[in-house]
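Residues per chain are reported as follows:
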Amino acid sequence: MKTIFHLPIALVIAGIACMAPTANAQDAYPSKPIKLVVAYPPGGSNDMVARIVGQKLSENLGQPVVVDNRPGASGNIGIDYVAKAPNDGYTLLLAHAGLTSSKHIYAKLPYDPLKDIAPIIHIADQPNVLIVHPKWSFKNVAELVAYAKANPGKLTVGNSGVGGPQDISAQMFMRMTGTDMLSIAYKGGAPAQADLLAGHIDLMFETSPTAVPVAKSGKLRALAVTGDKRLSTLPDVPTLAEAGVANYKYVAWVGLAAPAGTPPAIVTKLNQEVQKILNTSDMKKQIADISLGITGGSVSGFSSFVRQDYDFYAKIVKDYNITPQ
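What comes next is a walk through the structure. (Residues numbered from 1 in each chain as written. Predicted model: local features only at pLDDT ≥ 70, side-chain atom pairs only at ≥ 80, totals over all residues. Heavy atoms only, no water.)

1. Quick look at the overall build of the protein
And then number 1: Across its full length, the protein carries 11 helices and 10 strands.
And then number 2: With the C-alpha coordinates aligned to their principal axes, the bounding extent of the protein is approximately 95 × 40 × 30 Å.
And then number 3: The buried share of the protein, reckoned over its 325 residues, is 53%.
And then number 4: Looking at the protein alone, contacts between residues at least 24 apart form 77% of all its contacts between residues at least 6 apart.
And then number 5: With the model as given, the accessible surface of the protein reaches about 14,500 Å², and the carbon-plus-sulfur share is 57%.
And then number 6: Seen as two clouds, the 29 positive and the 24 negative side-chain charges of the protein have centres 1 Å apart. (Helix = DSSP H or I, 4+ residues; strand = E, 2+ residues; numbered from the N terminus. Buried < 20%, exposed > 50% of the residue type's maximum accessible area, 1.4 Å probe, protein only. Contact = heavy atoms within 4.5 Å. Areas by Shrake-Rupley, 256 points an atom, 1.4 Å probe, with all protein chains shown as cover. Lys, Arg positive; Asp, Glu negative; His and termini not counted. Charge placed at Lys NZ, Arg CZ, Asp CG, Glu CD.)

Laid out in structure tokens, this is it:
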């Protein structure tokens, strides 16, 4: 004997309607403006990349991409904001090396960088530039090191926040050269550079997009680059390894990320759209003009990179005995 269940048509329709929004939300994404959070103040390198990529992404997706600057705590305020945001694809993070370093620098973090943030795409690599105020007479790294050794604690070096890329660059430099300088943390690279230009601090390891223009203008003096090759925008400035700090290499990065749990379809779509943008000649020129190197790649590739960078900072903090804050 067969039992046949007759469901009211209205109930069937209601059931289908309940299932439809999830699929439609992904298919129609985005249907409203997207917030792109930058964990540093306006004017810095992360902010520059966010605005360049955000504008192109807005054009491709047909929805505004609004840059939202949330600085403070070495970038952790902005990261935490995104970690706790709805995972619907409408709040994104301009991720940076602070995402992978902070867990090892700070004793307590309100988020887990490997569990609460979903990597989307590696946008670019970003070396730093050692720049000094022209009031100092040293013209190269050797002269700087000699002075710093003879005057421990006298030189002040600014950074965008404790444990950030600029701070790590300086910590590596001091330990590899046997020098001691006073580190001063700011809420971002832009205010640190403003104080350097005013002569309130003596030097900093500034990100290449914001260091190159002031170095070319003569307002600050570039002594070396932290990467393993010279910048095309500063061809006469040596790498730190070339300048005598053997085996020195440090390159930060920027990428796009979202809250963990963001639907895979949305993550994949954003990865593909940003990759399209990075492949254009216009974007390649814009990124090269601000002294960055385009990377790109898959979601899984970026996820692996983030994990490797996390492990890199764990080793750096241990090897250089950087005390958690």
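2. Some details on the layout of surface pockets
And then number 1: The calculated volume of the largest pocket comes to roughly 360 Å³.
And then number 2: Together, 16 residues line the largest pocket, and Pro127, Lys229, Leu231, Leu292 and Gly293 are the ones closest to its centre.
And then number 3: Among the residues making up the lining of the largest pocket, the classes are represented as five nonpolar, six polar and five charged. (1 Å grid on protein atoms, 1.4 Å probe; cavity = no way out; pocket = protein on both sides within 12 Å on 5 of 7 lines; lining within 4 Å. Points joined across faces, edges and corners; volume = space filled by probe spheres on them. Nonpolar A, V, L, I, M, F, W, Y, C, P; charged D, E, K, R; others polar.)

3. Description of the pattern of salt bridges
And then number 1: Applying the stated criterion across every chain yields a total of 12 salt bridges.
And then number 2: Among the ionic pairs, lysine 135 bridges to aspartate 202, the shortest N-O distance being 3.3 Å. A residue pair is termed long-range when its members are at least 10 positions apart, and lysine 135 in the loop between β4 (117-132) and α5 (141-150) and aspartate 202 in the loop between α7 (189-197) and β7 (203-207) qualify at 67 residues.
And then number 3: In this structure aspartate 202 comes out as buried when scored by relative accessible area, which is 7%. (Salt bridge = Lys/Arg side-chain N within 4 Å of Asp/Glu carboxyl O.)

4. Some thoughts on the side chain of glutamine 171
And then number 1: Within the secondary structure, glutamine 171 is located in helix α6 (residues 165-177).
And then number 2: Apart from the residues within four sequence positions on either side, glutamine 171 is in contact with Ser183 and Ile322.

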